[in-house]
Amino acid sequence: MLVLEIASGLREEGYAIDLMSSGYDVAKRMGIIPQLEAVQYPISKIENVNERGERESEMNYDLFRRFQKGRLLALMRGDLERELHTALSDDVEIRYELTIDDIQQCDSSVTVLLSDGTREHGALLVGADGIHSRVRELAFGDEREFLRYLGYHTGAFIFEDEAVYRRLDGTFKNLTVPNRTIGCYPLRDGKLATFFVHRTPVRERPDDIRTALRRTYGGLDWVIPDILDHCDDVDNIYYDQVAQIEMPRWTWGRVTLVGDACQAVSLLAGQGASLAMGGAYVLAHELRQDGPIEETLAKYEAHMQPEIEKKQAAGRRAAKWLFPPSQHHITVRNIALKATQFPGGAHLLKPILESGTESVVEGL
Ligand SMILES: Cc1cc2nc3c(=O)[nH]c(=O)nc-3n(C[C@H](O)[C@H](O)[C@H](O)COP(=O)(O)OP(=O)(O)OC[C@H]3O[C@@H](n4cnc5c(N)ncnc54)[C@H](O)[C@@H]3O)c2cc1C
């Protein structure tokens, strides 16, 4: 198997993800849960604070873990990528700093023209190249046909700042004001990770993301001015639209897609990585049955489609509670979270905390 990757190597930058449901199950079948447990962040709560840094409510992460029946790991995206990479078998070749410029296919094979001018042939081309997939563009056309913009932009970066580290006091904290949320959490080795989500009617990503972040979040108090000061000294800032990819079909002959390329659910659903791992497993499972390729890929799509639609709809419904548009929504969220601390109160959040436990690999 040949993997073509546009980056120059494994990427350390990124944000925290919850690995759960399908992702957890696939990791278990790969035998890498102990390795992931070794690099996870054993979060017990996420605090919502005001601009003075005072706690207004908290999300009990242990409760979330209980509702997920223990199948939940909080990981940095880079750590997950590295552990998956380590687990690859020897027959997988990875070539970095390469992308695909053209795809040609016949009944029995597919040929790709690479960005270095060389060509490669194979039985199947799988585009696992994320929400702005190049393979999808070449095979199915412009991304605007498939991308549903959800009205938010997001950014994230990793930085070092002793004073901010001390002020977090070992806790994952979020500041939410209407239409803007900034999270900050401590990592190992004195590092910190931060993420930003804000509502904007403008779909396009700004040309200068550092200026855009400073302009959008400047003026907020707590540790925000210190965080924004680091926009200039960090090498990598992740910045993107919050969006979903909706495709009725994502197979064209011997070309198919997996993960965000065909099924991005967005950070609102919070399960994109888990679903991507689940999708890859389902595709591999169908390929192992050794049937005719059209049938194999059709079965893979049919297996995935209902779960993708369900998770995308759930993500859209969660938007106003995850990133509240008004002070009223923030207050209601805080009251609901406080209620979970009382006996029986946890059941108020049961539908949310339990949602997404379904696994696409169950029974395979
Ligand atoms: C702030 C934030 C928080 C999130 N939280 C969660 C969470 O809690 N749980 C969760 O499960 N998911 C979460 N997600 C979503 C999750 O990160 C994605 O759904 C997941 O990474 C999708 O995996 P993927 O492999 O399909 O795509 P990606 O992770 O985007 O990987 C695509 C790969 O393809 C490469 N590539 C891109 N273009 C090309 C090209 N032209 N040629 C060659 N290679 C290319 C990229 O370099 C990359 O290695 C979150 C996302 C964000 C932004």
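Every chain's residues receive numbers from 1 upward, in the order its sequence appears when written. Totals for whole chains, interfaces and linings use every residue, but because this is a predicted model, local features are given only for residues with pLDDT of at least 70 and side-chain atom pairs only at 80 or more, for both listing and counting. Think of the side-chain values as coming from all heavy atoms in the structure, minus any hydrogens and water.

As annotated in an unreviewed UniProt entry, the protein chain carries the name FAD-binding domain-containing protein and comes from Halostagnicola larsenii XH-48.

What follows deals with the UniProt feature "domain: FAD-binding" (unreviewed entry) in the protein chain. UniProt tags residues 28-287 as "domain: FAD-binding" (unreviewed entry). Only DSSP runs of H or I reaching four residues or more are called helices, and only runs of E reaching two or more are called strands; each is numbered from the N terminus. Between the C-alpha atoms that bound residues 28-287 there is a distance of 20 Å. The span itself is 29% helix and 33% strand. UniProt positions are given in the numbering used here, feature names are shortened, and annotations may be inferred rather than shown by experiment.

This next bit is on the site of the ligand. For this purpose, a residue is taken to be near a molecule or strand whenever a single non-hydrogen atom of the residue falls within 4 Å of it. Close contacts around the ligand come from 25 residues, with Glu5, Tyr15, Asp18, Arg77 and Gly270 the closest. Between the ligand and the protein, one listed contact pairs an oxygen atom with a backbone N or O atom of glycine 272 at 3.1 Å. Here a polar contact means two N or O atoms within 3.5 Å. Within protein one must be a hydrogen donor candidate and the other an acceptor candidate, and residues neighboring in sequence count only if both atoms are side-chain atoms. Here an oxygen atom of the ligand and a backbone polar atom of alanine 273 are 2.8 Å apart. Here the accessible surface of atoms and residues is derived via Shrake-Rupley with a 1.4 Å probe, and residues count as covered only by protein chains that are part of the display. When the ligand is considered free in solution it has 1,000 Å² of accessible area, and contact with the protein chains removes 82% of it. Broken down by secondary-structure element, the contributors of at least two residues to the shell around the ligand are strand E1 (2-5), strand E2 (16-20) and helix H10 (272-288). In terms of residues, the shell around the ligand owes the most to one element, H10, which gives 4 residues. Under this grouping Gly is polar, as are all residues other than the nonpolar Ala, Val, Leu, Ile, Met, Phe, Trp, Tyr, Cys and Pro and the charged Asp, Glu, Lys and Arg. Tallied by class, the residues present in the shell around the ligand amount to 11 nonpolar, 7 polar and 7 charged.

Attention now moves to the pattern of salt bridges. When a carboxyl oxygen of Asp or Glu lies within 4 Å of a side-chain nitrogen of Lys or Arg, that pair is called a salt bridge. Per the stated rule, a full pass over the model turns up 26 salt bridges. One salt bridge connects aspartate 101 with arginine 134, and the closest N-O pair in it is separated by 3.4 Å. On the criterion of sequence distance, the pair formed by aspartate 101 in strand E7 (residues 100-105) and arginine 134 in helix H5 (residues 134-140) is long-range, its members being 33 residues apart. For the salt bridge of glutamate 246 with arginine 316, the shortest nitrogen-to-oxygen distance reads 3.6 Å. You can see glutamate 246 sitting in the loop between strand E15 (238-245) and strand E16 (251-252) and its partner arginine 316 sitting in helix H11 (residues 293-322), a full 70 residues away along the chain. A single network of salt bridges, built from pairs that share partners, joins Glu12, Asp79, Arg82 and Arg188.

Only C-alpha atoms enter the line fits that serve as axes; for helices the fit covers just the stretch in contact. Angles between N-to-C directions range over 0 to 180 degrees. Running from N to C, helix H1 (residues 21-30) and H10 point in directions that differ by 55°, and their axes come no closer than 6 Å. The orientation of H1 with respect to H10, classified from their angle, is oblique. Considering how the two elements wind past one another, H1 and H10 form a crossing that is left-handed. Residue-level inspection shows Ser21, Ser22, Gly23, Val26, Ala27 and Arg29 of H1 in contact with H10, the latter providing Ser274, Met277, Gly278 and Tyr281. When grouped by side-chain class, the residues that make up the contact of H1 with H10 number 4 nonpolar, 5 polar and 1 charged. Our angle categories are set so that under 35 degrees counts as roughly parallel, over 145 as roughly antiparallel, 65 to 115 as roughly perpendicular, and the remainder as oblique. Each crossing gets its handedness from the near helix: less than a right angle anticlockwise from the far helix is left-handed, clockwise is right-handed. Any two residues having at least one pair of non-hydrogen atoms within 4.5 Å are treated as being in contact.

A few words on the sheet that holds E15. Read across the sheet, 7 strands follow the order E4-E3-E12-E13-E14-E11-E15 without closing on themselves; strand pairing throughout is mixed. The sheet is open, and its two edges are formed by strand E4 (55-60) and E15, each paired on a single side. Neighbour-to-neighbour, the strand axes of the sheet open up by a mean angle of 20°, direction not taken into account. Relative to strand E14 (residues 191-199), strand E11 (residues 147-160) runs antiparallel, the two being bridged by 9 bridges. Bridging across to E14, glutamate 160 finds its partner in lysine 191. Sitting on the sheet, helix H7 (residues 209-217) touches E11, strand E13 (180-186), E14 and E15, and the angle it makes with E14 is about 75°. Here, any two strands with at least 2 DSSP bridges between them count as paired.

Turning our attention to the environment of serine 266. Residue placement: serine 266 occurs in the loop between helix H9 (260-263) and H10. Categorising residues by exposure relies on relative accessible area from a 1.4 Å probe, with only protein chains included: less than 20% of the type maximum marks a residue as buried, more than 50% marks it as exposed, and the intermediate range marks it as partly exposed. On the accessibility criterion, serine 266 (13% relative accessible area) is buried. When residues no more than four places from it in sequence are discounted, the contact partners of serine 266 are Leu150, Val242, Ala243 and Gln244.

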